[in-house]
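Each chain, written out:
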Amino acid sequence: MTDITANGGQDQAVALRNYLGPYEAWNFGIGKQYAFPVYRSKDVRFLTALAEHPEPKNPHALADGREGQRGMWLPTIWGRTDDVSLKFWPIVVENRSGGDLAPNCLTLNLSEALQPGTTTDARFRMAFPVEETAMHRLEGRLPSGPDWSPDPKVQAADLQGRTLNILAVIDDGIPFAHRNFRAADGKRSRLEFCWLQSAHRRDGDETPSVLFGRELTRTDIEQLVHDHGGDEDALYEEAGASDRQFGSGAAIRRLATHGANVMDIAAGANPDKGLVPPEETRLIAVQLPNTYGWDTSSFGKDMYMLSAVHYILERAERIAAGYGVPDIRVTINISYGFSAGRHDGQGELEAALDELVEKRRQLGRPTAIVIPSGNTFLDRLHGEISAEDLGSGAFEFIWRVQPNDRSSNYLEIWFPDQLNPGDFGVEVSGPFGKVTAGLELKPDPAYQHGDPRNFETIRTGSGDALGQISLDNHRRTGRWRVLIALAPSEPHDAALAAAPAGDWKVTLKRGPAAPAGHGPIYLWVQRDIDLEAFLTGSRQSYLHDDDYRLFDDRGTGDDTDRPESHVKRFGSLNGMATGATTLVVSGAVPRIGALPGSAEIDASAFSSAGKPGAGDAVGSVDCAAPADRSIISPGIIAAGTRSGSYASVQGTSVAAPLVARRLSEAFATYSDADIKNAEADNYLPILKKLELPDQKEDDRARFGKFLVI
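Only a predicted model underlies this, so the values are computations on that prediction, with no experimental measurement involved.

With that settled, consider unusual backbone geometry. The backbone phi angle of glutamine 160 is positive, close to 55°, even though this residue is not glycine. With respect to the helices and strands, glutamine 160 occurs in the loop between helix 6 (152-156) and strand 6 (165-171). Classification of glutamine 160 as exposed rests on a relative accessible area of 61%. Located in the positive-phi region is arginine 380, a residue other than glycine, with phi close to 60°. Take arginine 380: it is sitting in the loop between strand 11 (367-372) and strand 12 (382-385).

Pairing is antiparallel across the open sheet formed by five strands, whose spatial order is 16-15-20-13-22. Edge strands, defined here as strands with exactly one partner in the open sheet, are strand 16 (436-440) and strand 22 (542-544). Each neighbouring strand pair of the sheet contributes to a mean axis angle of 25°, computed without reference to strand direction. Pairing of strand 15 (residues 424-429) with strand 20 (residues 502-510) involves six bridges; the strand directions are antiparallel. Across the sheet, the residue bridging to glutamate 427 is threonine 507, located in strand 20.

Before going further, it helps to spend a moment on the side chain of threonine 507. Here threonine 507 shows up in strand 20. If we skip the residues at most four places from it in the chain, threonine 507 touches Ala394, Phe395, Glu396, Gly425, Val426 and Glu427.

To continue, consider the packing of helix 7 (residues 218-228) against helix 8 (residues 232-239). Remark: helix 7 packs on helix 8, axes separated minimally by 9 Å, with the N-to-C direction vectors making an angle of 135°. Classified by the interaxial angle, the pair formed by helix 7 and helix 8 is oblique. When the axes of helix 7 and helix 8 are compared, the crossing they make is right-handed. Contact residues: Leu224, Val225 and His228 in helix 7; Ala234, Leu235, Glu238 and Ala239 in helix 8. Its residues assigned to classes, the contact of helix 7 with helix 8 shows five nonpolar, one polar and one charged.

Before going further, it helps to spend a moment on the packing of helix 10 (residues 302-323) against helix 11 (residues 348-362). Between two packed helices, what matters for the description is the angle formed by their axes and the separation of those axes. At a minimum axis distance of 10 Å, the contact between helix 10 and helix 11 shows a crossing angle of 10°. Classed by the angle they form, the pair helix 10 and helix 11 counts as roughly parallel. Mapping the contact onto sequence places Asp302, Met305, Leu306, Val309, His310, Leu313, Ala316 and Glu317 in helix 10 and Leu349, Ala352, Leu353, Leu356 and Arg360 in helix 11. Of the residues assigned to the contact of helix 10 with helix 11, the class counts are nine nonpolar, one polar and three charged.

Bringing the pattern of salt bridges into the picture now. Applying the stated criterion across every chain yields a total of 42 salt bridges. Close ionic contact of arginine 282 with glutamate 192 constitutes a salt bridge, the shortest N to O distance being 2.8 Å. Of this pair, arginine 282 sits in strand 9 (residues 281-287) while glutamate 192 sits in strand 7 (residues 191-196); the two residues are 90 residues apart in sequence, bridging distant segments of the chain. In this structure arginine 282 comes out as buried when scored by relative accessible area, which is 0%.

Definitions and cut-offs
- Residues numbered from 1 in each chain as written.
- Predicted model: local features only at pLDDT ≥ 70, side-chain atom pairs only at ≥ 80, totals over all residues.
- Heavy atoms only, no water.
- Helix = DSSP H or I, 4+ residues; strand = E, 2+ residues; numbered from the N terminus.
- Buried < 20%, exposed > 50% of the residue type's maximum accessible area, 1.4 Å probe, protein only.
- Pairing = 2+ DSSP bridges.
- Axes fitted to C-alpha atoms, helices over the stretch in contact; angles between N-to-C directions.
- Contact = heavy atoms within 4.5 Å.
- Parallel < 35°, antiparallel > 145°, perpendicular 65-115°, else oblique.
- Left-handed = near helix turned anticlockwise from the far one by under 90°.
- Nonpolar A, V, L, I, M, F, W, Y, C, P; charged D, E, K, R; others polar.
- Salt bridge = Lys/Arg side-chain N within 4 Å of Asp/Glu carboxyl O.

Remember, this is a structural readout, not a statement about activity or role.
Put into structure tokens, the structure is as follows:
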């Protein structure tokens with residue numbers, strides 16, 4: 001066992017009673033000096049995590065009876081009224097260590113925050129912290145209810161047989177005051193609730209309705225529009241939507257955002273085109289923190305995403321009660337993802353979302369989550385090692401790390417279900433062979449709590465740590481993972497050890513006692529791109545193989561996989577899109593010469609795919625939707641952040657919200673029986689769609705069987 005603490009003490013590593021995964025071990029341990037500034041500082045006060053308990057916990061057991069105590073809070077949660085027990089909970093934890101967040105201090109904070117008896121073998125997936133200016137330190141465990149009432153004009157409206165339903169969007173830079181989200185009169189907002197997760201708290205707000213950030217109700221939005229007229233810059237400033245977080249500017253300050261485009265495609269009604277806003281579709285929006293682009297640090301949005309879904313479902317119940325609509329139907333669009341992960345629906349966030357959706361469906365309340373397939377088809381972030389590749393006892397591949405990279409890089413190796421890697425080993429060699437390290441893939445018996453795991457440090461010749469190799473039996477589910485973490489090739493501090501840029505050779509070895517016949521071993525490189533708005537200095541590492549072809553014999557981009565190359569395009573599916581209850585959407589472009597409204601499509605070049613013939617081993621695509629207008633007019637045009645403005649955004653992120661829109665329309669018209677019958681297929685049967693003809697196996701892996709129009 002190798003130390004994973006900030007001071008290098010093995011005793012502290014052994015003392016970790018609760019599970020901290022390999023990302024946490026790196027970012028709070030030997031890799032902390034490379035983390036983003038907020039985690040390198042010693043004054044992080046409010047930590048966030050997605051907590052997983054071995055057995056479902058009642059929300060009352062976690063939240064009640066803690067008035068006057070400090071240390072842990074739950075954000076707005078769904079299921080308290082129905083007494084729903086869940087394994088996964090979003091939590092905010094106060095850092096009471098008073099100093100550096102080494103793994104032992106982090107674990108102490110997490111353990112002491114929860115009630116006795118709830119932390120045995122609990123797991124925590126850390127996310128970005130909450131800035132102190134956005135946090136409400138509630139005396140109780142839960143926020144108060146909002147001051148909200150239904151729109152009387154909607155109550156009095158004749159919906160002509162359509163059913164009132166909810167369409168929700170979780171995204172960044174959401175222009176909630178945009179005229180496209182108002183009713184036909186241009187004054188009433190169709191947004192019933194909007195949660196700005198990183199907005200600074202209001203002074204004097206002693207009964208906040210959210211734990212962090214601010215909540216706006218429909219009447220709040222309407223008052224802001226009334227007070228500010230056409231000055232939407234001032235409107236968003238007053239609402240807190242443009243507040244900075246940890247020095248990061250808000251996306252809403254820009255003329256175009258991902259969230260504006262997605263929200264408009266999903267729910268916009270452009271008055272310039274004479275569209276009549278559907279009164280029966282009530283909207284909820286959650287604007288993610290400004291730091292959403294920091295997942296280059298490996299700290300994801302898990303807690304924020306899960307808390308957003310809880311918030312939407314809880315507010316949906318209030319809307320249902322207010323408008324007298326029992327078992328209200330809810331569609332949620334999440335146009336986000338990541339490239340790594342286990343890709344079998346059992347990642348922490350996927351499992352948490354599945355648990356929530358399944359619980360609500362069991363109560364007879366239709367619930368749909370729409371997610372894009374991803375944009376990494378051509379990025380060389382996925383690979384596959386077959387049993388035959390290991391026939392000689394070892395297989396070597398190249399992981400290419402780029403120069404001038406300011407963030408850490410991560411490569412995950414996932415073994416097939418129930419394959420024990422105990423007779424396997426991994427070796428890592430840096431460019432020019434100056435850095436080498438290895439790990440036998442056996443858990444260290446010193447770790448008595450949490451998942452079986454082990455660690456090894458990658459060091460320079462002078463002994464400086466610049467990387468980590470780890471093994472863990474992820475969530476004790478029989479899937480073993482190797483994670484290789486590398487320091488940046490150009491750290492923010494030139495005095496720190498840097499991982500040399502170039503070709504890192506990774507060798508997977510199979511011992512004589514290991515099974516010779518086994519399923520493929522999958523490789524995934526974690527997404528590490530620099531989003532324009534945040535300038536993190538990240539550069540994407542990738543897998544390299546001389547047999548991988550970028551272009552075909554005609555000189556055009558190749559969209560097939562060669563058997564001789566272990567680097568694969570197929571199987572590049574969004575790591576958030578393999579859950580059982582999510583509807584997964586890929587991106588399409590009309591084929592040259594195709595008639596409008598036809599099913600003659602090609603895949604958008606970037607659109608990620610499942611793996612042909614692999615079933616759900618790496619997830620699958622359910623349907624396709626337009627992501628490009630044509631091969632020479634990329635992207636989809638939709639709203640900018642200010643009323644009357646437009647922008648084009650490209651990616652499967654803009655295909656998914658069209659499907660969410662069509663699903664909401666179907667929820668407004670279909671009978672309870674029809675919707676229930678479609679539930680097993682995540683409501684795909686009730687969508688307005690065209691069946692794709694004459695598909696090959698690769699086409700099905702990339703498109704599903706239908707084009708949603």
